[in-house]
Amino acid sequence: MTNVNDAWIGNLIRHWREDPGASYRTWFLWEERIKNFRSIRRGIQAVIDEIRSDTFGNAYRGSSLETIVSSIAEQRQVFKGADHAFLWKPKLRIPDIYEDRANQLAFGRFLDACLCCNAEAQVLAAIRTLDQSRIKGLGPAAANLLYFLHPTVASPFNTAIVKGFNALMGANVKLGRWDEYLAMRQGILALNAAHRTLLSNDLGAVAGFLFDVGSGRYPLPERDATGALERWREDLERVRAEAAGAASKAAQAASEADHTHTEIQGWLRDLGLALGFDVWVASNDGGRPYAGGRLSDGCLDRLPERLTANGTAETVRLIDVIWLEKASRDVAAAFEVEHTTSIYSGIVRMLDLALGVEGGTARNLFLVAPDNREEDVRAQFARPAFSRVSELDLRYLPYSELRGHRETIARFGTGLKGVLAIARPVGAPR
């Protein structure tokens, strides 16, 4: 097996970090990635509660599990297709957690143990207990759920990551077995430790690297062949030259999406200020360049304490834009911009704000999205996991309406009347 300290691996990781189309820049450094952790954790709790109360049902479609797995699958590159492992295959009757109550309970206990624990040994013990249940069709793909609970302990898992690990390390890890996953995890930890300064304590980084290797993005040296290393270096230089000449279409699309997201936040910032509100911009977005300055220019540098005092501070600070009344400091309106990102996560952040504020002062909540995502928005709102949405004043605001009316509203409008006029209540006829 390859020595994890081999210098060529370090050189390849350096190139991977600099490659504009690789997962390090397009996914791992993507700010929206961090926003999803808490919402997915909350979704896993919903799955556990439904299994425990025997309301989970016997189908994947429409279940709380589909909600969180779909959110994971919407992540860029690394988790694409993550939902396949949980889809019900009727001919094979797998994964057998929908029709077999005992297996369903075992799966629920596994998730509960991993959600509640904070030690590596406890996570590994939960994996081994689940493995002993021998649930047909439920293998290490479940590690993708664990990653969002314990990103320093559990590595993401898919075919490309396994191929990358086998190619890089000379291993022969097979899909579908937890013991194979745990053995691979040891090798991933060793690889991560050997190149820790280039990777991260978050195993998403090394998993992204292995994903790109396994996807065939980079040539690797042939094993035990004369001159193979030199040929590989020549191939790598050619790949570097190609990467320098033009970024991949995926990287360009990601960059354009991030730019659009910032632009919409800027529109909402400027409109809120024009209407006389104090404005908050998501803590991880404030430093982005916008209109010759920073996106947070003219905005609050901290939220009122009562908005962050109930344990949801981390989530609320990540809401894209919040308008607050100057005198009372109540939330006048909150906006989540979902250009290409998970609508599920945005709704969860809104729920945290609306249901967590003392006195129920959060109102007028808007999900801002492209016109062609309206069906996605309404489909998410229809999920059983969001049954409480009907209690809230939550609306869909299409880009076209905001683009076409924002300047007029800013010039002649007062309060929220103009914004409410162009937004569409969830569930209302179109």
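Residues numbered from 1 in each chain as written. Predicted model: local features only at pLDDT ≥ 70, side-chain atom pairs only at ≥ 80, totals over all residues. Heavy atoms only, no water.

As annotated in an unreviewed UniProt entry, the chain is Type II restriction endonuclease from Methylobacterium ajmalii.

Some words on the pairing of strand β5 (residues 331-337)
Convention followed: Think of it in three bands: with a 1.4 Å probe and only protein chains considered, a residue is buried below 20% of the maximum accessible area for its type, exposed above 50%, and partly exposed in between. Going along the chain from the N terminus, every DSSP run of H or I of four or more residues is numbered as a helix, and every run of E of two or more is numbered as a strand. At least two bridges found by DSSP between two strands is the condition for calling them paired.
Within β5, seven of the seven residues are buried, which leaves the element mostly enclosed by the surrounding structure. Inspection of the sheet shows strand β4 (residues 321-324) paired to β5 by four bridges, in the antiparallel sense. Opposite Leu 324, over in β5, you have Val 331 as the bridge partner.

A word on the nonpolar core
Note the threshold: Definition used in this section: a nonpolar core is a set of buried Ala, Val, Leu, Ile, Met, Phe, Trp, Tyr and Cys residues joined via side-chain atoms within 4.5 Å. Residue contacts follow a heavy-atom distance rule, with two residues in contact if any of their heavy atoms lie within 4.5 Å.
Membership of the largest hydrophobic core comes to 81 residues, with the highest contact counts inside it found for Leu 65, Phe 86, Phe 107, Phe 110 and Leu 145. Looking at this core, the element that brings in the most residues is helix α10 (residues 204-214), giving seven residues. Each residue touching Phe 107, except ones within four places of it in the same chain, is listed here: Ile 51, Leu 65, Phe 86, Ile 97, Leu 130, Ile 135, Leu 138 and Leu 145. In terms of nonpolar packing, the next biggest core, distinct from the first, is built from 27 residues, Leu 268, Leu 295, Phe 335 and Tyr 399 among them.

Observations regarding the sheet that holds strand β7 (residues 394-398)
Counted only if it meets this: Every axis in this analysis is a line fitted to C-alpha atoms, fitted for helices over the stretch in contact. Angles between the N-to-C directions lie between 0 and 180 degrees.
The mixed open sheet is built from six strands, whose spatial order is β1-β4-β5-β6-β7-β8. Whereas interior strands pair on both sides, the edge strands pair on one side only; in this sheet they are β1 (278-281) and β8 (424-425). The strands touched by helix α16 (residues 399-412) are β5, β6 (365-369), β7 and β8; relative to β7, the strand with the most contacts, the crossing angle is about 70°.

As for the packing of helix α3 (residues 31-52) against helix α4 (residues 64-73)
Here is the rule we go by: Put simply, angles under 35 degrees are roughly parallel, angles over 145 are roughly antiparallel, angles from 65 to 115 are roughly perpendicular, and the rest are oblique. Two helices crossing with the near one rotated counterclockwise from the far one by less than a right angle form a left-handed crossing, whereas a clockwise rotation gives a right-handed crossing. Polar here means any residue outside two lists: the nonpolar Ala, Val, Leu, Ile, Met, Phe, Trp, Tyr, Cys and Pro, and the charged Asp, Glu, Lys and Arg; Gly therefore counts as polar.
Running from amino to carboxyl end, α3 crosses α4 at an angle of 160°, the nearest separation of the two axes being 8 Å. Considering their axes alone, α3 and α4 lie roughly antiparallel with respect to each other. Handedness of the α3/α4 crossing: left-handed. Across the interface between the two elements, Ile 40, Gly 43, Ile 44, Ala 46, Val 47 and Glu 50 of α3 pack against Ser 64, Leu 65, Ile 68, Ser 71 and Ile 72 of α4. Across the contact of α3 with α4, the residue classes tally to seven nonpolar, three polar and one charged.

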